[in-house]
Amino acid sequence: MLTKAYPISEIAGQTYEIDEFDCASCFLLIGQDKAMLIDTGVGIGDLAGAVRQLTDKPLITVITHGHVDHVGNAWQFDACYLNEKDWGQTGRKPDPRGDVTQRRRYADMIAHRQQGDHPRYPYDPQVDIREWERQPNWLPLCDGDRFDLGGGRVITAHACPGHTPGQIALLDASTRILFVGDAVNGNIMFMSKPGQPGFTSVEKAHEALKALRDLGDHYDHIYNGHHDYRPFGQPLREDVLPDAIALCQQLISGEFTPTYEKNPMVGWPDQLAVHKGITRIAYTLEGIHEPE
Ligand SMILES: [Zn+2]
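Note that the coordinates shown come from a computational prediction; the quantities given were computed from them, not determined experimentally. (Residues numbered from 1 in each chain as written. Predicted model: local features only at pLDDT ≥ 70, side-chain atom pairs only at ≥ 80, totals over all residues. Heavy atoms only, no water.)

Asker: Looking at this structure, I do not really get the coordination of the zinc ion. What am I missing?
Answerer: Six octahedral donors around a metal ideally sit at 90 or 180 degrees from one another, while four tetrahedral donors ideally sit at 109.5 degrees. Around the zinc ion, the protein contributes the donor atoms H65 (NE2), H67 (ND1), H163 (NE2) and D182 (OD), which lie 2.1 to 2.3 Å from the metal centre. Of note, the zinc ion draws all its donor residues from one chain, in the sequence arrangement H-x1-H-x95-H-x18-D. (Donors = N, O, S within 2.8 Å, 3.2 Å for Na, K, Ca; no water.)

Asker: What am I meant to see in the side chain of Q271 here?
Answerer: With respect to the helices, strands and loops of the structure, Q271 is situated in strand β15 (residues 271-276). Not counting residues within four places of it along the chain, the set of residues in contact with Q271 comprises M189, M191, T259, Y260, E261, N263, P264, R280 and A282. (Helix = DSSP H or I, 4+ residues; strand = E, 2+ residues; numbered from the N terminus. Contact = heavy atoms within 4.5 Å.)

Asker: For this particular structure, what's the right way to read the packing of aromatic side chains?
Answerer: Two aromatic rings are characterised by how far apart their centres lie and by the angle between their planes. Counted under the stated rule, the structure contains nine aromatic pairs. Between the aromatic rings of F27 and F179, the centroid separation amounts to 5.0 Å while the plane-to-plane angle is 55 degrees, which identifies the pairing as tilted. Separated by 152 residues along the polypeptide, F27 in strand β3 (residues 25-30) and F179 in strand β11 (residues 177-179) bring together distant segments of the chain. F179 matches F27 in its accessibility class, with the two residues each being buried. Seen from their ring centres, Y81 and F147 are 5.0 Å apart, and the 75 degrees between their planes marks the pair as edge-to-face. Placement of the pair is Y81 in strand β6 (residues 79-82) and F147 in strand β8 (residues 146-148), with a sequence separation of 66 residues. Assessed through its relative accessible area of 24%, Y81 is described here as partly exposed. Taking the relative accessible area as the measure of exposure, F147 reaches 7% and is therefore buried. Through a chain of ring-to-ring contacts, the aromatic side chains of Y6, F21, Y121 and Y123 assemble into a single cluster. (Phe/Tyr/Trp six-rings, centres within 6.5 Å; stacked < 30°, edge-to-face > 60°. Buried < 20%, exposed > 50% of the residue type's maximum accessible area, 1.4 Å probe, protein only.)

Asker: Explain the nonpolar core to me, please; I cannot follow it from the model alone.
Answerer: Nonpolar side chains in soluble globular proteins tend to be buried together. Among the nonpolar cores identified, the biggest contains 36 residues, and L28, I44 and L47 are the most heavily contacted of them. For this core, the elements supplying multiple residues, two or more each, are β2 (15-19), β3, β4 (35-38), α1 (47-54), β6 and α3 (100-115). Here the element with the most residues in this core is α3; it accounts for six residues. Contacts of L28, omitting those with residues within four sequence positions, involve Q14, T15, Y16, I18, A35, M36, L37, V51, L54, T55 and L59. By size, the runner-up hydrophobic cluster in this structure holds 31 residues, among which are L171, A183, V202 and I245. (Core = buried A, V, L, I, M, F, W, Y, C linked by side-chain atoms within 4.5 Å.)

Asker: Teacher, can you tell me more about the pattern of salt bridges here?
Answerer: Proximity of charged atoms lets side chains of opposite charge pair with each other. Within the structure shown, the criterion is met by 13 salt bridges. A salt bridge links K210 to E207; its shortest N-O distance comes to 3.4 Å. Taken as a pair, K210 and E207 lie in helix α5 (residues 202-214) at a separation of three residues, close to a single helical turn. Taking the shortest distance from any N to any O, the salt bridge between E261 and R280 comes out at 2.8 Å. Here E261 is found in strand β14 (residues 260-261), whereas its partner R280 is found in strand β16 (residues 279-283), with 19 residues between them in sequence. In this structure R280 comes out as buried when scored by relative accessible area, which is 6%. (Salt bridge = Lys/Arg side-chain N within 4 Å of Asp/Glu carboxyl O.)

In short, geometric facts, not functional conclusions.
Have a look at this one:
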């Protein structure tokens, strides 16, 4: 039996944050006719079963971007929406980053970071983090896509390239929440270089972050896909998005001294980074400007 013992917080009416044991946060939005699951975590336990304990409505599964800690349990759902620019990072084209060893290693790293040498979570990595038994039907997710959950609850997709080329934010106008995946948080990583798969320049990411800011009339709160940058069940601090925009601007204008520092992800290599308030952006010098 896979675990379903996820901590769950009701963050607004018919809106739940499902904590995948500190690894990632998934969100469940329930409308009158349909429900939407945003992200599937690194793939611990029976996420589909936990969702079914909260709603029996037809489910739309949307994944904010193709990283392994967001697509991990996609196999448990019949169909998943994901921007095509991130399809190469999922199991659709098998990718070593999606394999079970790497997912167990990621969960182990988070568990030790959060709870030290003897983490106590209600799951067994050898049982609850498993190989995909099948592929979901992958459906393209595009900027401007609208999902009508019924009763006036409509969710709109907004492209926000940066963290990945296909990163999507989801605006729920009815609760005035913007779900951003990893597009905005306290540790934004722009680590790829021109020519590498997944490359997006800081210049391009800066434009996308400003576009999220300009949607500000439509939302009051931002929820990102990991609650280690905010308390569980609570929104991201309001200064994070403007500070991230200011840091991008600083990198683009060259007003910074490149400084290597320890990576907050334990065991990962040192990074160049800039800071403002509680926000950090890790970057590469080659990745700041759009290639000629
Ligand atoms: Zn990510």
